[in-house]
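# Fold and geometry: a report
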Amino acid sequence: MIDAAETKNFPAYGEILRLDELLAIACVRDEADRTLFFAAHQACEIWFAVVLRHLDAAREAMLREQGAAAAEHLERLPHIMRVITVHFDVLATLTPQSFDEIRATLGTSSGFQSAQYREIEFACGAKDARFLNITGLSEGERARLLERLEQPSLSSVFAEYRDRARAGADGAPVDSSPAERIHDALAGFDKSVRSWRERHAALAEQFLGAAQGTAGSSGAAYLWRSAERTLFPELFPNHE
């Protein structure tokens with residue numbers, strides 16, 4: 001039990017979350033619709049950071065032969081993606097006029113330029129060096145993407161872990177359930193990301209129709225095509 005007197009020395013809720021700092025830099029003091037638009041995107045980027053941390057933790061666990069721990073990290077990801085997807089439902093409540101007014105202020109900036117999302121793709125195994133040349137990326141973002149491009153993907157790390165699990169030690173039987181859990185978790189994550197892409201495409205179609213995206217992509221058409229791609233081409237090639 002924690003002594004009540006000791007709790008006086010504990011940081012308060014706002015201090016633990018560093019809310020003063022967070023809200024000072026967040027776009028939460030603008031006009032109401034703009035606050036909704038930018039806060040939704042900022043929240044998604046925070047969740048992308050969480051996804052990346054779990055992907056890295058799962059990768060490290062497999063390298064240490066800790067399959068159950070890797071599975072636990074990966075099994076959370078579909079739930080996280082569902083939370084991220086709901087942000088599109090919130091954005092869909094904007095009126096077309098409000099959306100157009102906000103979009104007119106974006107210039108060439110676009111979610112297409114999300115370095116963290118590209119990191120997720122690269123980390124999993126969907127590596128496309130052309131994304132290193134996206135305009136609007138900082139040098140730090142390009143460096144992170146290049147590092148992800150050059151490191152072994154989660155797909156390859158899992159394949160090696162699975163092969164070691166199947167081989168066992170000195171031919172002795174091994175518990176294959178962690179590898180099966182990881183495979184199922186990766187499949188679930190892949191499906192959840194494709195569902196997220198589909199919802200994104202539907203939102204773009206709702207507001208843009210056939211118009212181009214702000215970064216010069218083909219807008220909804222590009223997003224619908226991307227929804228067909230897998231994060232793990234080495235594991236699930238039929239999804240491409």
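Everything numeric here is computed off the predicted structure, so don't read it as measured data.

## Quick notes on the overall build of the protein chain
Helices and strands together make up the secondary structure of the protein chain, namely 11 helices and 0 strands. Ordered by position in the sequence, the α and β elements of the protein chain form the string α-α-α-α-α-α-α-α-α-α-α. Among the 240 residues that make up the protein chain, the fraction classed as buried is 40%. In the protein chain, the proportion of contacts linking residues at least 24 apart, taken out of those at least 6 apart, comes to 71%. Of the roughly 13400 Å² of accessible surface on the protein chain, a fraction of 56% belongs to carbon and sulfur atoms.

## Details of the side chain of His54
When you line up the elements, His54 lands in helix α3 (residues 32–63). We classify His54 as buried; its relative accessible area is 15%. Non-local contacts of His54, meaning those with residues more than four positions away in its chain, are made with His73, Arg76 and Leu77.

## Concerning unusual backbone geometry
Phi at Arg18 is positive, roughly 55°, even though this residue is not glycine. Mapped onto the elements of the fold, Arg18 is located in the loop between α1 (13–16) and α2 (19–25). The phi angle at Glu65 is positive, at roughly 65°, despite the residue not being glycine. The residue Glu65 is located in the loop between α3 and α4 (67–75) in this model. Owing to a relative accessible area of 45%, Glu65 belongs among the partly exposed residues under this scheme.

## Considerations on the packing of aromatic side chains
Two measures describe an aromatic ring pair: the distance that separates the ring centres and the angle between the ring planes. Applying the stated rule across the entire model yields 10 aromatic pairs. Between Tyr117 and Trp196, the ring centres sit 5.1 Å apart and the planes meet at 50°, which makes this aromatic pair tilted. Here Tyr117 is found in helix α7 (residues 115–124), whereas its partner Trp196 is found in helix α10 (residues 177–208), with 79 residues between them in sequence. Classification of Tyr117 by relative accessible area gives buried; the value is 9%. When the centroid spacing of 6.1 Å and the interplanar angle of 90° are considered together, the rings of Phe232 and Phe236 count as edge-to-face.

## Details of the pattern of salt bridges
Pairing of side chains with opposite charge becomes possible as their charged atoms draw close. Taken as a whole, this structure holds 15 salt bridges when the rule is applied. When the shortest N-O distance is used, the salt bridge between Glu21 and Arg18 registers 2.8 Å. By relative accessible area, Glu21 is classed as partly exposed at 46%. Arg142 is paired through a salt bridge with Glu139; the nearest N and O atoms lie 3.9 Å apart. Taken as a pair, Arg142 and Glu139 lie in helix α8 (residues 139–150) at a separation of 3 residues, close to a single helical turn. Classification of Arg142 as partly exposed rests on a relative accessible area of 24%. For Glu139, a relative accessible area of 64% puts it in the exposed group.

## A few points about α3
The end-to-end C-alpha distance of α3, which contains 32 residues, comes to 47 Å, matching closely the 46 Å that a straight helix rising 1.5 Å per residue would cover. One side-chain oxygen at the N-terminal end of α3 lies 3.1 Å from the backbone nitrogen of Asp33; it belongs to Glu31. Directly beyond the C-terminal end of α3, a positive phi value near 65° is found at Glu65.

## Re the packing of α3 against α4
As a packed pair, α3 and α4 sit with axes 8 Å apart at the nearest point and diverge in direction by 165°. Comparing the axis directions of α3 and α4 gives the class roughly antiparallel. Of the two possible hands of crossing, α3 and α4 adopt the one that is left-handed. The residues of α4 that touch α3, namely those facing His54, Leu55, Ala57, Ala58, Ala61 and Met62, are Ala69, Ala70, His73 and Leu74. Each residue belonging to the contact of α3 with α4 can be placed in one class, and the counts come to 8 nonpolar, 2 polar and no charged.

## A look at the environment of Val90
Following the sequence through the fold, Val90 ends up in helix α5 (residues 77–91). A sequence separation of 50 residues divides Val90 from Ala40, and the C-alpha atoms of the two residues are 7.9 Å apart.

## Overview of a nonpolar patch on the surface
On the surface, a cluster of nonpolar side chains totalling about 300 Å² of accessible area is made up of Leu22, Leu23, Val28 and Ile46. Within the secondary structure layout, Leu23 lies in helix α2.

Parameters and conventions
- Residues numbered from 1 in each chain as written.
- Predicted model: local features only at pLDDT ≥ 70, side-chain atom pairs only at ≥ 80, totals over all residues.
- Heavy atoms only, no water.
- Helix = DSSP H or I, 4+ residues; strand = E, 2+ residues; numbered from the N terminus.
- Buried < 20%, exposed > 50% of the residue type's maximum accessible area, 1.4 Å probe, protein only.
- Contact = heavy atoms within 4.5 Å.
- Areas by Shrake-Rupley, 256 points an atom, 1.4 Å probe, with all protein chains shown as cover.
- Phe/Tyr/Trp six-rings, centres within 6.5 Å; stacked < 30°, edge-to-face > 60°.
- Salt bridge = Lys/Arg side-chain N within 4 Å of Asp/Glu carboxyl O.
- Expected span 1.5 Å × (residues − 1).
- Polar contact = N/O pair within 3.5 Å; in protein donor to acceptor, adjacent residues only side chain to side chain.
- Axes fitted to C-alpha atoms, helices over the stretch in contact; angles between N-to-C directions.
- Parallel < 35°, antiparallel > 145°, perpendicular 65-115°, else oblique.
- Left-handed = near helix turned anticlockwise from the far one by under 90°.
- Nonpolar A, V, L, I, M, F, W, Y, C, P; charged D, E, K, R; others polar.
- Patch = residues over 30% accessible without salt bridge, like charges linked within 9 Å, V, L, I, M, F, W, Y side chains within 5 Å.

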